[in-house]
Amino acid sequence: YESKRLKNSVHLFKDTMQERYLRNVNIEQALRSAIENHELYMVYQPQITADGTFYGVEALIRWNSPSLGNVPPDAFIPIAEASGQMPSLGRYIIETTFADIKQVQHSLGITFSTSINISARQLLEPDFATCFIEKMHQKDIKGIWLTLEITESLLIEDTPSILPLLNALKNNGVQLSMDDFGTGYSSLSMLRMLPIDELKIDKSFIDAALTNKDAQQMAQSIVTIGKNLEMDVVAEGIETKEQLEMLTRFGCDRFQGYYFARPMDKEALAHFVKDTLFPLT
Ligand code: C2E
Ligand code: MG
Ligand code: MG
Ligand code: MG
């Protein structure tokens, strides 16, 4: 009986590995034609300030593949990186976001902040900063309206070589945010060394904060660290009024989450911003 069970579990394990491998190969191949086939698009999730007004958006990529269905970015970004597709995907993300945002801002006659996620490989491309700044100028977007969201693991890998890149972006006004803060292998000295303007508290702390004392104290401590280092602190993944009230009490500057709005396409965003900022017109 034991050996039969073992055999079954080994069989199951092999299937899962193989399935995952095949799925990754499928993703890698389907991704190669996704841009030209117009299967990718950007959605935008609003960020709300502590006084309840619209602040700006985070751009998030979506992929609707005819063969694979909706593939989440967590699943395909790492594969894009590993298979050398990140330079073209990264360019697509930046260009599409700039074009969409320009269009929405122009139609409403206002300017707002836009955050863009930058993957490890993308930032390490030798001409990343130069190209980003060039695209900003082409589209006539000022750096102060742009935030690059980077993750902790990326910064740990290569702090010395990343510093000049980050400084080049900062010299052009671009804001830097540390995404998913608290989950990676961050060191506090790194926070002091790098020109970071914003901390985003990882959703896992927000999820647990109402029921778990440790998570609550972690979230509160992250806000305190950020504030002491003169950074803005953003809470992401806010789903309930109770979470919002707690993080407001801790002193967060901005909020993002389904409680306010889900990520939406540029048309829906234009309506959202209009209804939020000009409710009477
Ligand atoms: P992230 O940058 O930390 O983005 C936040 C994620 O949380 C997004 O998932 C967003 O849709 C989701 N989210 C926001 N509010 C809530 C909420 O209240 N509840 C729940 N359950 N989820 C919420 P998404 O869009 O699936 O993206 C996942 C990750 O994939 C992102 O995490 C980011 O690391 C990466 N990603 C997404 N778009 C891009 C991109 O354009 N470029 C790069 N390099 N990475 C991206
Ligand atoms: Mg992000
Ligand atoms: Mg995050
Ligand atoms: Mg994340």
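Predicted model only: the values in this text are computed from it and were never measured.

Draft legend 1. Spotlight on the coordination of the magnesium ion (ligand 2). Donor atoms from the polypeptide that bind the magnesium ion (ligand 2) are E58 (OE), N117 (OD1), E149 (OE) and D179 (OD), placed at 2.0 to 2.2 Å. Sequence spacing of the donor residues for the magnesium ion (ligand 2), all on one chain, is E-x58-N-x31-E-x29-D.

Draft legend 2. Fine view of the packing of aromatic side chains. Scanning the entire structure with this criterion turns up six aromatic pairs. On the numbers, 6.3 Å between centres and 65° between planes, the contact of F54 with F272 is edge-to-face. You can see F54 sitting in strand 2 (residues 54-65) and its partner F272 sitting in helix 12 (residues 266-277), a full 218 residues away along the chain. Just as F54 is buried, F272 falls in that class too. Through successive ring pairs, a cluster of aromatic residues spans F54, F112 and F272. Over the face of the ring belonging to Y55 we find R254, whose NZ or CZ atom lies 4.0 Å from the ring centre. One cation-aromatic arrangement involves R262 over Y258; the distance from NZ or CZ to the ring centre is 3.8 Å.

Draft legend 3. Region of interest: the environment of N212. Counting through the fold element by element, N212 comes out in the loop between helix 9 (203-209) and helix 10 (213-228). Taking relative accessible area as the criterion, N212 reaches 34% and is therefore assigned partly exposed. Separated by 45 residues in sequence, N212 and G257 place their C-alpha atoms 20 Å apart. A polar side-chain atom of N212 sits 2.7 Å from the main-chain amide nitrogen of D214.

Draft legend 4. Up close: the pairing of strand 8 (residues 232-236). Buried residues dominate strand 8, accounting for four of its five residues. Note that strand 7 (residues 198-201) and strand 8 share four bridges and pair parallel. Bridge pairing links K200 to V234 in strand 8. Note: strand 8 against strand 9 (residues 254-256), three bridges, orientation parallel. Bridge pairing in strand 9 places V234 opposite R254.

Draft legend 5. How the structure looks around the coordination of the magnesium ion (ligand 3). Taken together, the protein ligands of the magnesium ion (ligand 3) are D179 (OD), D180 (OD) and E236 (OE), with distances of 2.0 to 2.2 Å. Expressed as a motif, the donor residue spacing for the magnesium ion (ligand 3) is D-D-x55-E. In this structure, the magnesium ion (ligand 3) lies 4.0 Å from the magnesium ion (ligand 2), and both are coordinated by D179. Taken together, the residues span a long stretch of sequence, with D179 in strand 6 (residues 175-181) and E236 in strand 8 at a distance of 57 residues.

What counts and what doesn't
- All chains use their own residue numbering, which begins from 1 and follows the written sequence.
- Lettering for chains starts from A, numbering for ligands starts from 1, and both go in the order in which the items are written.
- Residues qualify for local features only when their pLDDT is at least 70, as the model is predicted, and side-chain atom pairs are given and counted only at 80 or more; totals for whole chains, interfaces and linings, by contrast, use all residues.
- To obtain the side-chain values, all non-hydrogen atoms of the structure were included, while hydrogens and water were left out.
- Metal sites are built from N, O and S donor atoms within 2.8 Å, or 3.2 Å for Na, K and Ca, and they leave out water, so they may look incomplete.
- Side-chain rings of Phe, Tyr and Trp (the six-membered ring for Trp) are treated as a pair once their centres are within 6.5 Å; stacked means planes under 30 degrees apart, edge-to-face means over 60, and tilted covers the remaining angles.
- Only runs of H or I of at least four residues qualify as helices and only runs of E of at least two qualify as strands under DSSP, and these elements are numbered from the N terminus.
- Whether a residue is buried, partly exposed or exposed follows from its accessible area with a 1.4 Å probe, protein chains only, as a fraction of its type maximum: under 20%, in between, or over 50%, in that order.
- Criterion for a charge above a ring: Arg CZ or Lys NZ at most 6 Å from the ring centre, at most 35 degrees from the ring normal.
- The term polar contact refers here to a pair of N or O atoms within 3.5 Å; inside protein, the definition further demands a hydrogen-donor-capable atom paired with an acceptor-capable atom, and it admits residues adjacent in sequence only when both atoms are side-chain atoms.
- By definition, two strands form a pair when at least two bridges between them are found by DSSP.

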